[in-house]
Amino acid sequence: MNKVSRWLPAAIPAAVIAAAALGVPAFGSAAGARLPEKSADEVLALIAGSSATRFSGTVEQSSDLGLPELPKSARGYSSGADSTSAVLELLTADHTAQVFVDGAERERVQVLDDLAERDLYRNGSDVWIYDSKQRAAHHVVLPEGSGAAPQLSATPAELAEKLLAAVDPTTEVDVATGSVAGRPVYELVLTPKSDDTLVGSVTVSVDSDTGLPLEVAVTARGQSTDAVRVGFTSIDFSAPPADTFTFTPSADTRVTEEELPSGPPEGYAAPDLPSPTVTGAGWDTVVALPVDVLGSAGSSSALLAQLTTPVAEGRALQTSLVSVLFTADGRLLAGAVPVEALEAAAR
Amino acid sequence: MSRAEPVAAPPARAFALLGSELSVLFRRRRTWAMLAALALVPILVGIAVRIRSSSNGPAFLAAISDNGLFVSFTGLTVSIPLFLPLTIGVVAGDTIAGEASLGTLRYLLVAPTGRVRLLLVKYAGAAVFALAAPLVVLLAGVGIGALLFPIGPVTLLSGNTVGIDGFAVRALLLAAYVAVSLLGLSAIGLFVSTLTTVPVGAMAATIVLAAAAQILDTLPQLDWLHPWLFSHYWFGFADLLRDPIAWDSFGQNALLQLGYIAFFGGLAYGRFATKDILS
C-alpha cells in the first residue's frame, strides 16, 4: 500500500461530510421551484382557508438584534431568578419549541431549554402552564366555548395574522417561492415603502399545500441575517397522540389556581396607566409614554447603563429593528426607526 | 504493506481478542479507581444535599430532597463536563500508546490478528468503558438517593410523572445517550494514541481537546462552529427526560459522533497501518 492510499479511510468520511454540509442547503432551496404562480391575494386566501387543524412540529426562534451577545453561563446551572438577564437571554439567544395542535381546543407548546422546560398544555377548557426550573404549575379553567387560549410563545400562524393585518398603503407586497421545513412554500414579502424605518422586509412563508404559515422572518435594513425569525424546522400533519395534551401535576409541584378576570378584557387596563402619544404613521410610528425610567432606575442600574448610549435627549437603546429613547424629562419613546427620529420626535 | 493485512481470521478469534482486551481493561486497578471516583460524584452530591439543601446549583438539585432518584441525574450533569471526558481520555489515550510503552504491542501484532482488527478491538474496549462509566454514575446516584431520601414517581421536565419502571427505562436511555456522546472523544483518543508511545501524553491531549471543545461551545462569536463540536450535544441528554421525548438531539448527536468515529478512526488507521512498531 502506498503512502497516499492509507489515508483514504480518513479522507472519504471527510469528503462525505463536507459534501453533505455544502450540498444539503442547496438541495432544500431547489424544492420550491415548481410551484404554480400565485398573487398576494391568493396566498392570503390560502392562509385564511388553511385546512391544517392538527399537526406537530419543531419551531425555532432566533434573534439577531445587534445587541451584545453574552457567553452562556455554565450549562445546567441555575443562577437564581434574575429577570433582567432572563429578558436579555430572550432577546439574544435562540429558542426551540415543540408544538402540538389537535383541533381548536387541544394545544401543547413545549419550550426546550437547556436541562429545563416550559410548557403550555390546553385540553378543552383546562389550561396548564408549567415551569420545570421553578417546579411550579399555573392552572386556568377557561369559560365554556372560549376560542383563543393564552399562548406561551407566538406560533407562526398567530404572528402572520398580526403582520398581515398591518398591510396597508404603506407597504409593498410581493410573492416568491421557497422551502421551509422541507416543504414548498409561498413567501409573502412585505417591504415598507418608507425610507425612515429600520425594518427591511417581513417574509411570511406559507405552506403551499395546507396554507399553514410555517415561518415569519423580519430583516433589518443593512443587516444580512434575519433580525427575528420564528419558524418550523420540521412539521408532521398527522394527529398527535392524545396524552400529549394532558397534564397531571406531581405531588412536589407547587400549583397555583388562577382566576380569569370576570369583566371584559378592557377593564384589565389599570386606571393609572399613562396613555401613550403616537406620532407618525405606518412603519414610522413613534410611541411616547410618560414613564420616567432614568429617574426611577437612577444611576444605580448598571444594566441600563451598559445597554444604552448617552444622546443629547437622554439615553438611547438601539437594536437593529427597534430604538428606545429614555429622555431626561421622564418620557420613553420607542419605534422601528433610528434614534435620530426618536430624538426629533422628543423635541 | 498489503501483505500485513489480516488473512480473514475467523470471527471467534476476534471475540476472543475482545474478551481478553475487556478482561485486561476491567481487571486493572486504574479502571476500578476511575469508576469508583465517578461513583463518588453522586454520593458526594447526595451527602451534600442531605446536610444542607439548596436551590441554586446544578440542574435537578432542588428536586433531590423530595425524591432521591434525582441524585442520579444531578450526578450525571456534574460528571459530563469534566469527570467523564477525563476517564474516557485516560482509557482511549492508553489504547495503543499503553501497549507500545509496555513493549507488548509487537507481540500483539505477531499473532495473526492484523492491525485493523487490533484497532477495532481497542476501540470497542474504550466504547464499553464509555457505556460503563455513565451507568456507574446513575446506579451510584440511585443507590445513595434511595439510602438518604424518600423515593417515588419521578417528575419529568414536562411536569408529568413516570413510575419507577418508567424511570428505569429513561435512565438506561440516558446511559446510552451519554455513552454515544463519548464515542467521538474515544475515537479522537484512539487516534492520538497511535501518534505516540507515551500514554500520558495521549491521555492529556485527549482531555485537553475535550476541555477546549467545551470552551469553544460557550463563545457566541463561534456559533457557526458549535454544531460541529463533538461536545455540542453532551447536555442534550435532558431531551430524554421530556414527555414526549424529543428525539432530535439523540439522532443529531449519533450522526455527529458517527462522523467523528469515521474520520478519526480513518486517521488512526492511516497512522497505525504503516507505523513502524519498534516497541
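Residues numbered from 1 in each chain as written. Chains lettered and ligands numbered in written order. Predicted model: local features only at pLDDT ≥ 70, side-chain atom pairs only at ≥ 80, totals over all residues. Heavy atoms only, no water.

By the naming in an unreviewed UniProt entry, chain B is ABC transporter permease, taken from Naasia aerilata.

A few words now on the overall build of chain B. Helix and strand counts for chain B stand at nine helices and three strands. When the helices and strands of chain B are read in sequence order from the N terminus, they spell out α-α-β-α-α-α-α-β-β-α-α-α. Considering chain B as a whole, with its 279 residues, one finds that 54% of them fall into the buried category. At a minimum sequence separation of 6, the contacts of chain B that also span at least 24 residues come to 77%. In the form shown here, chain B has an accessible surface area of approximately 11700 Å², with 71% of it arising from carbon and sulfur atoms. (Helix = DSSP H or I, 4+ residues; strand = E, 2+ residues; numbered from the N terminus. Buried < 20%, exposed > 50% of the residue type's maximum accessible area, 1.4 Å probe, protein only. Contact = heavy atoms within 4.5 Å. Areas by Shrake-Rupley, 256 points an atom, 1.4 Å probe, with all protein chains shown as cover.)

With that settled, consider the sheet that holds strand E16 (residues 309–311) of chain A. Residues and elements named next belong to chain A. The strand order across the open sheet formed by six strands is E14-E15-E19-E18-E17-E16, and the pairing between neighbours is antiparallel. Bordering the open sheet on either side are strand E14 (277–279) and E16, each of which pairs with just one other strand. Strand-to-strand, the axes of this sheet are offset by a mean angle of 25°, without reference to chain direction. Of the pairings in the sheet, the one linking E16 to strand E17 (residues 314–318) comprises three bridges and is antiparallel in character. Within the sheet, the bridge partner assigned to threonine 309 lies in E17 and is alanine 316. Helix H7 (residues 339–346) rests against E14, strand E15 (286–289), E16, E17, strand E18 (323–327) and strand E19 (332–335) of the sheet, and its axis sits at about 40° to E18. (Pairing = 2+ DSSP bridges. Axes fitted to C-alpha atoms, helices over the stretch in contact; angles between N-to-C directions.)

Another aspect to go through is the interface of chain B and chain A. Contacts between chain B and chain A engage 43 residues on the former and 41 residues on the latter. Surface buried jointly by chain B and chain A totals about 3300 Å² across both partners, of which 55% is contributed by carbon and sulfur atoms. For the pair chain B and chain A, the number of links is two salt bridges. Contributions of two or more residues to the side of chain B that touches chain A are made by strand E1 (57–58), helix H3 (70–79), helix H8 (199–218) and helix H9 (248–273) of chain B. Ranked by residues supplied to the side of chain B that touches chain A, first place goes to H9(B) with nine residues. Looking at side-chain class alone, the side of chain B that touches chain A contains 19 nonpolar, 17 polar and seven charged residues. (Buried area = accessible area lost by both parts, 1.4 Å probe. Salt bridge = Lys/Arg side-chain N within 4 Å of Asp/Glu carboxyl O. Nonpolar A, V, L, I, M, F, W, Y, C, P; charged D, E, K, R; others polar.)

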